[in-house]
Amino acid sequence: MSIEINEEYFEKLALTVIDGEEEECIKLVNDGLEAGVDPLDAVEKGLARGIDKVGEDFGAGIIFLPELAMAADVMKQGTAILDERIKEVGSTRLSHGKIIIGTIKGDIHDIGKSVVAAVLQANGYDVVDIGIDIDIDTFIDAVKEHDADALGMSTLLTLPLMEMENVIKRMQEIGMRDKVKVIVGGCPVTQEFADEIGADAVGFDAQDAVFKLDRLLGINRPRKSA
Ligand code: B1M
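To start, this report covers the structure provided alongside it. All values derive from a computational prediction rather than experimental measurement.

**A short note on the site of the ligand**
- The environment of the ligand is made up of 36 residues, and the closest members are Ile108, His109, Asp110, Ser154 and Thr158.
- Within the contact set of the ligand, an oxygen atom lies 3.4 Å away from a side-chain nitrogen or oxygen of Asp107.
- Mapping the ligand onto the cavity grids shows that it belongs to the largest pocket.
- Of all elements in the fold, only helix 3 (39-59), helix 4 (65-88), helix 5 (111-122), strand 3 (150-154), strand 4 (181-185) and helix 9 (206-217) reach the threshold of two or more residues within the shell around the ligand.
- Looking at the shell around the ligand residue by residue, the classes come out as 19 nonpolar, 11 polar and six charged.
- Built from parts of two domains, the shell around the ligand gets at least three residues from each of domain 1 (7-89) and domain 2 (98-217).

**A look at the layout of surface pockets**
- Of the pockets and cavities examined, the largest pocket occupies roughly 1,400 Å³.
- Around the largest pocket, the lining comprises 44 residues; the ones closest to its centre are His109, Ile111, Gly112, Leu156 and Cys187.
- If you list the elements that add at least two residues to the lining of the largest pocket, you get helix 3, helix 4, strand 1 (98-104), helix 5, strand 3, strand 4 and helix 9.
- The dominant element in the lining of the largest pocket, judged by the number of residues it contributes, is helix 3, at eight residues.

**Examining the coordination of the cobalt atom of the ligand**
- A lone protein donor contacts the cobalt atom of the ligand, and this donor is His109 (NE2), found at 2.2 Å.
- Examined against the element boundaries, His109 turns out to sit in the loop between strand 1 and helix 5.

**What to know about unusual backbone geometry**
- A positive phi angle, near 55 degrees, is found at Asp133, a position not held by glycine.
- With respect to the helices, strands and loops of the structure, Asp133 is situated in strand 2 (residues 126-134).
- The class of Asp133 is partly exposed, set by a relative accessible area of 32%.

**Comments concerning the packing of helix 6 (residues 136-146) against helix 7 (residues 162-173)**
- Running from N to C, helix 6 and helix 7 point in directions that differ by 50 degrees, and their axes come no closer than 10 Å. Here helix 7 runs oblique to helix 6, going by the angle between their axes. The handedness of the crossing between helix 6 and helix 7 comes out as right-handed. Residues Ile136, Asp137, Phe139 and Ile140 of helix 6 touch helix 7, and the partners they reach there are Glu163, Asn166, Val167, Arg170 and Met171.
- Residue composition of the contact of helix 6 with helix 7, grouped by class: five nonpolar, one polar and three charged.

**What about the pattern of salt bridges?**
- Across all of its chains, the model carries 14 salt bridges by this definition.
- Residue Lys87 pairs with Glu84 through a salt bridge whose shortest N-O separation is 3.2 Å. Of this pair, Lys87 and Glu84 both sit in helix 4, three residues apart, which is roughly one turn of the helix.
- One salt-bridge network, in which partners are shared between bridges, spans Asp137, Arg170 and Glu173.

Definitions and limits used
Residues numbered from 1 in each chain as written. Predicted model: local features only at pLDDT ≥ 70, side-chain atom pairs only at ≥ 80, totals over all residues. Heavy atoms only, no water. Near = heavy atom within 4 Å. Polar contact = N/O pair within 3.5 Å; in protein donor to acceptor, adjacent residues only side chain to side chain. 1 Å grid on protein atoms, 1.4 Å probe; cavity = no way out; pocket = protein on both sides within 12 Å on 5 of 7 lines; lining within 4 Å. Sits in = over half its atoms within 2 Å of the grid points. Helix = DSSP H or I, 4+ residues; strand = E, 2+ residues; numbered from the N terminus. Nonpolar A, V, L, I, M, F, W, Y, C, P; charged D, E, K, R; others polar. Domains from an automatic or database assignment. Points joined across faces, edges and corners; volume = space filled by probe spheres on them. Donors = N, O, S within 2.8 Å, 3.2 Å for Na, K, Ca; no water. Buried < 20%, exposed > 50% of the residue type's maximum accessible area, 1.4 Å probe, protein only. Axes fitted to C-alpha atoms, helices over the stretch in contact; angles between N-to-C directions. Parallel < 35°, antiparallel > 145°, perpendicular 65-115°, else oblique. Left-handed = near helix turned anticlockwise from the far one by under 90°. Contact = heavy atoms within 4.5 Å. Salt bridge = Lys/Arg side-chain N within 4 Å of Asp/Glu carboxyl O.

Nothing here speaks to function; it is geometry throughout.
Structure below.
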């Protein structure tokens, strides 16, 4: 029997992350896809809501790293399936440009960055995801190797934030900065910070990253009204 995609479905999805129920999460994700759920909705309205609650409890000292890690594993399993489905949408389109994306040195959070990569790909970008804990040279080498139009840097941690500025400084030193757009994102990244370090834009979520990158690269596409 097909399930219904409604508020209750998204709540159940969030609960699988909170309770660390991996099998149930995968089942609900697959059942949802079969019933026609928008995969980005399943991430944002379902799984992300669950991990946000877990993050709050971790921040408040109610739960500890093992519980956080368990919830993150469930979230990762679910998003891996959904990311693949999101990417399929863009696989047959002409490329709007090439972007290198990675999480900066000192930070191993990869779920949000991978969602952003998938949504950019679904929207016609050629995305090279170079992973997590990426140092300056690896970012720079990847831009050169792929002759990229843009570089995307992500972090969820406050401590290594200045690594973003260090990458931009190195791009300036080697004469790369004017040729490559830079977009930054992740929860501690504000517009003010992006301006301060000389980034071209900040993406506040995956759709916003598409919007900002389109603007930077001069891509015009019809937009859904709010
Ligand atoms: Co960590 N963690 N974590 N964690 N973790 C946070 C970020 C934290 C806020 C939790 C808390 O204390 N409340 C806190 C950071 C505090 C701070 O620095 N201000 C924290 C901490 C402290 C840590 C450790 C240091 C804990 C420890 O070891 N004591 C450690 C870090 C180690 C390291 O990196 N060196 C750590 C580890 C982990 C896990 C491994 C257990 C796991 C990550 C698993 C993984 O990624 N494979 C984890 C998780 C899951 C979280 C929370 C709970 C959830 C992150 C997530 O996946 N969100 C997080 C709290 C929170 O954010 N609520 C937390 C879902 C995802 C879809 O959203 O990543 O925000 P998000 O991405 C969004 C936007 O931010 C934006 O679009 C995405 C999609 O909408 N976006 C971009 C992101 N990047 C973008 C780039 C762009 C554009 C938009 O352009 C390029």
